[in-house]
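So the chains spell out like this:
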Amino acid sequence: CDRDVAESVDSHLAFYDRMHDTIFAMDGEDKVVPVPSMPGICQYTVDRLPEELDRVVAAGIKAILLFGIPAHKDEVGSAAYAENGIVPRAIRAIKAACPQMHVGAGTVLTEKQLQLTIEAGGEFMVAPSVNPALIAKANAAGLAVIPGAYTPTEIVTAWEAGASCVKLFPIRSLGPTYVKDVLAPLKHIPLLAVGGVTPDNITDYIKAGCVGACVSGALVNKEMIAAGAWDKIADVAKTLIERVHIG
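All figures in this text were calculated on a predicted structure; none of them were measured in a lab. (Residues numbered from 1 in each chain as written. Predicted model: local features only at pLDDT ≥ 70, side-chain atom pairs only at ≥ 80, totals over all residues. Heavy atoms only, no water.)

**Details of the overall build of the chain**
No. 1: On a plain count of helices and strands, the chain comes out with 10 helices and 11 strands.
No. 2: Residues classed as buried in the chain amount to 49% of the 247 residues present.
No. 3: Across the chain, every contact between residues at least 6 apart in sequence was considered, and the portion connecting residues at least 24 apart equals 55%.
No. 4: With the model as given, the accessible surface of the chain reaches about 11,200 Å², and the carbon-plus-sulfur share is 53%. (Helix = DSSP H or I, 4+ residues; strand = E, 2+ residues; numbered from the N terminus. Buried < 20%, exposed > 50% of the residue type's maximum accessible area, 1.4 Å probe, protein only. Contact = heavy atoms within 4.5 Å. Areas by Shrake-Rupley, 256 points an atom, 1.4 Å probe, with all protein chains shown as cover.)

So this is what it looks like as structure tokens:
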């Protein structure tokens, strides 16, 4: 039984044996602007993505989760996924500048958003919730899928629908003990810690059983960007990677 569990997890983790960075893209030119609702997080215009890409590549990061922040929202709440929206343009820009980088998109909530992600060359999608129909379509297109879940029922539903991995979100309100408790009966399901992970606690989540984590403000924040502390950002990324392996 344990061998079957290990093989199942390994087959779904082939894509996740990498460190991910999260980048927010926006409309405009030559700008790096803080996101008001997310302290410590900045958004970049597409033309500024290559310089950020250089830093994350130097830090050893192999994959980027790309979020788009639209200047105006459409009827489904995300002009970032319009035909020539921020997310498709940013995916193409990153892949053109660094073909070996694995690029995924979030937050993917509709079939239209998923299709535009696929057409732009996205390799994985992230969602805050569990949508079995969307998971099935992404799987059919060959994308890795990371839906968000909070309860054991949501976790199992996501996994049985075909999730490659399930993100526990927001992890800051759950903690490592919750991870241990929920994995006791669900150890065959790979979990990512998302929402509140820092260099100080990432090892705790890995030791608790998470297969990885998503880090945003603790990796790239507005103070570092304002100060031009690019070496510090690279050092934080390297520390995170080291502590993941320690866990």
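Next comes the rest of the description.
**Digging into the side chain of Lys-167**
No. 1: Relative to the elements of secondary structure, Lys-167 occurs in strand β9 (residues 166-168).
No. 2: For the buried residue Lys-167, which engages in no salt bridge, the nearest side chain bearing the opposite charge is Glu-154, 11 Å off.
No. 3: In contact with Lys-167, not counting residues within four places along its chain, are Val-126, Ala-127, Pro-128, Ile-146, Pro-147, Gly-148, Ala-149, Leu-192 and Val-194. (Lys, Arg positive; Asp, Glu negative; His and termini not counted. Salt bridge = Lys/Arg side-chain N within 4 Å of Asp/Glu carboxyl O.)

**Describing the environment of Pro-170**
No. 1: For Pro-170, the location among the structural elements is in the loop between β9 and α7 (176-183).
No. 2: A relative accessible area of 25% places Pro-170 in the partly exposed class.
No. 3: Sequence separation between Pro-170 and Gly-195 is 25 residues, and the spatial gap between their C-alpha atoms is 4.7 Å.
No. 4: For Pro-170, the residues in contact, after removing those within four places along its chain, are Tyr-150, Val-194 and Gly-195.

**Digging into helix α6 (residues 152-161)**
No. 1: For α6, the complete set of buried residues consists of Ile-155, Ala-158 and Trp-159. Across the axial projection of α6, the buried residues extend over an arc of 95°, all falling on one side. For α6, exposure combined with an orientation more than 90 degrees from the buried face picks out Thr-153 and Glu-160.
No. 2: Following α6 by one or two positions, Gly-162 adopts a phi angle in the positive range, close to 115°. (Arc of directions from axis to C-beta.)

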